[in-house]
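Summary of the model geometry
The lines below spell out each chain.
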Amino acid sequence: MTSSKLDKPVVGGLLLAAGSSSRLGQSKQLVEFNHQPLLSHTLETLLSSRLDHTLTVLGARFQEHLPVIEHLAARTSINEAWEKGMGHSLKFGMLRLLETQPTLDGVLIAVCDQPFLTITHLNGLLDLFADNNQSIVASEYQGVQGVPAIFPKRYFQDLMSIGDQSGAKKILTAHADRLILRHLERGEIDIDTREDLDHLR
């Protein structure tokens with residue numbers, strides 16, 4: 001029997017954008033892509049998908065980053081301890097998201113430097129999760145499993161227990177035999193170094 005839309009799992013989006021882009025030498029959040037900063041481009045993509053709630057975590061240089069997204073209808077939290085690492089920002093974001101949305105069935109974790117992320121891809125992940133809401137639904141690109149990825153409630157404690165320097169990929173690796181994957185075209189293109197930025201341009 002097909003589930004009705006009322007039965008679909010409730011999924012919150014967590015956009016991690018707190019890092020300092022130290023390897024790039026400039027703010028990746030403010031890198032222009034299609035005439036807008038990557039940060040607002042990614043958040044708009046999440047907001048245009050069928051996610052039920054969205055929270056952005058900012059940290060380094062948040063005074064510069066907040067103005068490019070404050071016009072968008074999404075919550076933002078500032079992790080003042082962002083220097084502890086991505087894992088710390090992930091745990092911080094999970095706490096903030098679950099404070100206001102304690103009944104979430106899943107959390108989609110995304111980062112702001114995948115310029116070719118699309119609404120279609122996010123909705124495809126959500127469709128897979130609706131049919132498999134006890135499994136992790138992740139993106140795949142060039143043989144790599146990564147974010148964006150949806151983690152069901154059963155893995156929330158795992159996410160909340162990772163090290164400050166770790167990321168969600170640690171959970172994906174630990175449960176590699178339990179993943180459902182969706183290919184993300186050009187998902188391997190991210191912006192970590194000056195060479196990455198030159199390649200994008």
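Residues numbered from 1 in each chain as written. Predicted model: local features only at pLDDT ≥ 70, side-chain atom pairs only at ≥ 80, totals over all residues. Heavy atoms only, no water.

1. Quick look at the pattern of salt bridges
By the definition in use, this model includes six salt bridges. Between Arg96 and Glu99 there is a salt bridge, with its nearest N and O atoms 2.8 Å apart. In this pair, Arg96 and Glu99 are both assigned in helix α3 (residues 86-100), three residues apart and thus about one turn of the helix distant. Its relative accessible area of 21% is what places Arg96 among the partly exposed residues. (Salt bridge = Lys/Arg side-chain N within 4 Å of Asp/Glu carboxyl O. Helix = DSSP H or I, 4+ residues; strand = E, 2+ residues; numbered from the N terminus. Buried < 20%, exposed > 50% of the residue type's maximum accessible area, 1.4 Å probe, protein only.)

2. What to know about the confidence of the model for the protein
When pLDDT is averaged along the protein, the result is 89, and 87% of the positions lie at 70 or above. Across residues 1-5 the pLDDT falls below 50, and counting only partners more than four positions away or on other chains, this stretch makes zero contacts in the model. (pLDDT = per-residue confidence, 0-100. Contact = heavy atoms within 4.5 Å.)

3. Details of the side chain of Ser135
Checked against the element boundaries, Ser135 lands in the loop between α4 (119-131) and β7 (136-141). Taking the relative accessible area as the measure of exposure, Ser135 reaches 18% and is therefore buried. Residues contacting Ser135, with those up to four places away along its chain left out, are Phe129, Ile150, Pro152, Arg178 and Ile180.

4. Here we look at α4
Along its 13 residues, α4 runs 19 Å from first to last C-alpha, staying within 8% of the 18 Å computed at 1.5 Å per residue. Each element contacted by the buried residues of α4 is listed here: β1 (11-17), α1 (38-48), β6 (106-111), β7, β8 (144-152) and β9 (179-183). (Expected span 1.5 Å × (residues − 1).)

5. Considering the packing of aromatic side chains
Inspection of every chain in the model, using the stated rule, returns one aromatic pair. A ring pair is formed by Phe33 and Phe116, whose centres lie 5.4 Å apart and whose planes are at 85°; its orientation type is edge-to-face. Residue Phe33 is found in strand β2 (residues 32-33), and its partner Phe116 is found in the loop between β6 and α4; the two are separated by 83 residues along the sequence. Its end group placed over the ring of Phe92, Arg96 keeps NZ or CZ at 4.8 Å from the ring centre. (Phe/Tyr/Trp six-rings, centres within 6.5 Å; stacked < 30°, edge-to-face > 60°. Lys NZ or Arg CZ within 6 Å of the ring centre and 35° of its normal.)

6. A look at unusual backbone geometry
Across the junction of Val147 and Pro148, the peptide omega takes the value 0°, indicating a cis bond. Position of Pro148 among the secondary structure elements: in strand β8. Even without glycine at this site, His35 takes up a positive phi of about 70°. Within the element layout of this structure, His35 appears in the loop between β2 and β3 (36-37). Owing to a relative accessible area of 81%, His35 belongs among the exposed residues under this scheme.

7. Side note on the environment of Pro115
Checked against the element boundaries, Pro115 lands in the loop between β6 and α4. Expressed as a C-alpha distance, the spacing of Pro115 and Val31, which sit 84 residues apart in the sequence, is 10.0 Å.

8. Focus on the sheet that holds β7
An order of β5-β4-β1-β6-β8-β7-β9 is seen for the seven strands of this open sheet, with the pairing classed as mixed. If you trace the sheet from one side to the other, it starts and ends with β5 (75-78) and β9, each paired once. In this sheet, neighbouring strand axes are inclined to one another by 25° on average, regardless of whether the strands run parallel or antiparallel. Bridge count for β7 against β9 is five bridges, and the pairing is parallel. Bridge pairing in β9 links Val137 to Ile180. On top of the sheet, α3 reaches β1, β4 (53-58), β5 and β6; it is set at about 145° to β1, its chief contact. Relative to β9, α4 is tilted by about 155°, and along the sheet it contacts β1, β6, β7, β8 and β9. (Pairing = 2+ DSSP bridges. Axes fitted to C-alpha atoms, helices over the stretch in contact; angles between N-to-C directions.)

9. Comments concerning the nonpolar core
When a protein is soluble and globular, its nonpolar side chains tend to lie buried together. By size, the foremost hydrophobic cluster in this structure holds 26 residues, and its most contacted members are Leu90, Val107, Ile109, Phe151 and Leu159. Elements represented by at least two residues in this core include exactly β1, β4, α3, β6, β7, β8, α5 (156-160) and α6 (169-174). The contact partners of Leu159, leaving out residues within four places of it in the chain, are Leu90, Lys91, Met94, Ile109, Phe151, Ala168 and Ile171. The next biggest cluster of nonpolar side chains, apart from the first, holds 24 residues, and it includes Leu46, Leu108, Leu126 and Ile150. (Core = buried A, V, L, I, M, F, W, Y, C linked by side-chain atoms within 4.5 Å.)

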